[in-house]
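Residue-level structural notes
One-letter residues, chain by chain:
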Amino acid sequence: MCSSEKWAQGVRDRLLPWALEGVELGDEVLELGPGYGANLRVLVEQVPVLTAVEIDEDTTRLLQKGWGDRARIIHGDASELPFPDRDFSSVVCFTMLHHVPTAEAQDRIFREAFRVLRPGGVFAGSDSQPNFRFRLLHIGDTMNTLPPKTLPGRLEAAGFTDVVVDRYPERGGGVRFRGRRPE
């Protein structure tokens, strides 16, 4: 589903506008877990410099082939980012954290996002919430969703301030989040 044109259109028309509403991404953006690139192809049109880190090697090659002339695509693990501290104006991730098998691994990703953000930079994103259809789509796949009630505390524990977490009102909803690295 995530590789379909229908999904890409929904990302462009609904998901990213909602997830990034009011967020200033700045000049150097890092996307964690771009998957098949539905978000990446929208972001590359909106920001001056885009870097993406994808854990799956085959998917990384596909992204490099399709977008490598417009974005830096790195094969790597978002919980161990290969970048120096304070390297990016913003870090984003969309519909990928539920594929991370444990809350502890998700928390490592939050800490890494904080580490590579410049002071004043924002970490923002969104993810799905469990519902019947979502569960069916993930039979045999990792589905570790982010509980909206505990997410603010987890982001604050990683160092973020000005944390906001809220739900998408349509079709069972999703969750969006944002936090800032203090100046």
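To keep things clear, this report deals only with the structure shown in the data block. (Residues numbered from 1 in each chain as written. Predicted model: local features only at pLDDT ≥ 70, side-chain atom pairs only at ≥ 80, totals over all residues. Heavy atoms only, no water.)

Brief notes about the packing of aromatic side chains
- Applying the stated criterion across every chain, the model contains five aromatic pairs.
- Consider the rings of Phe114 and Phe160, whose centres lie 5.3 Å apart with planes at 85°: the pair is edge-to-face. Of this pair, Phe114 sits in helix 4 (residues 103–116) while Phe160 is found in the loop between helix 6 (151–157) and strand 6 (161–167), placing the two residues 46 residues apart along the sequence. Like Phe160, Phe114 is buried.
- Taken together through their ring pairs, the aromatic side chains of Phe110, Phe114, Phe123, Phe160 and Phe177 make up a single cluster.
- Geometry around Phe114 places Arg181 over its ring, the cationic atom sitting 4.6 Å from the centre. (Phe/Tyr/Trp six-rings, centres within 6.5 Å; stacked < 30°, edge-to-face > 60°. Helix = DSSP H or I, 4+ residues; strand = E, 2+ residues; numbered from the N terminus. Buried < 20%, exposed > 50% of the residue type's maximum accessible area, 1.4 Å probe, protein only. Lys NZ or Arg CZ within 6 Å of the ring centre and 35° of its normal.)

Notes on the environment of Thr150
- Relative to the assigned elements, Thr150 resides in the loop between helix 5 (132–137) and helix 6.
- Classification of Thr150 as partly exposed rests on a relative accessible area of 42%.
- Distance in space between the C-alpha atoms of Thr150 and Val165 is 9.7 Å, their sequence separation being 15 residues.

Some remarks on the side chain of Ser90
- With respect to the helices and strands, the residue Ser90 is situated in strand 4 (residues 88–94).
- By relative accessible area, which is 0% here, Ser90 ends up buried.
- Each residue touching Ser90, except ones within four places of it in the same chain, is listed here: Leu25, Glu28, Val29, Leu30, Leu117 and Val122. (Contact = heavy atoms within 4.5 Å.)

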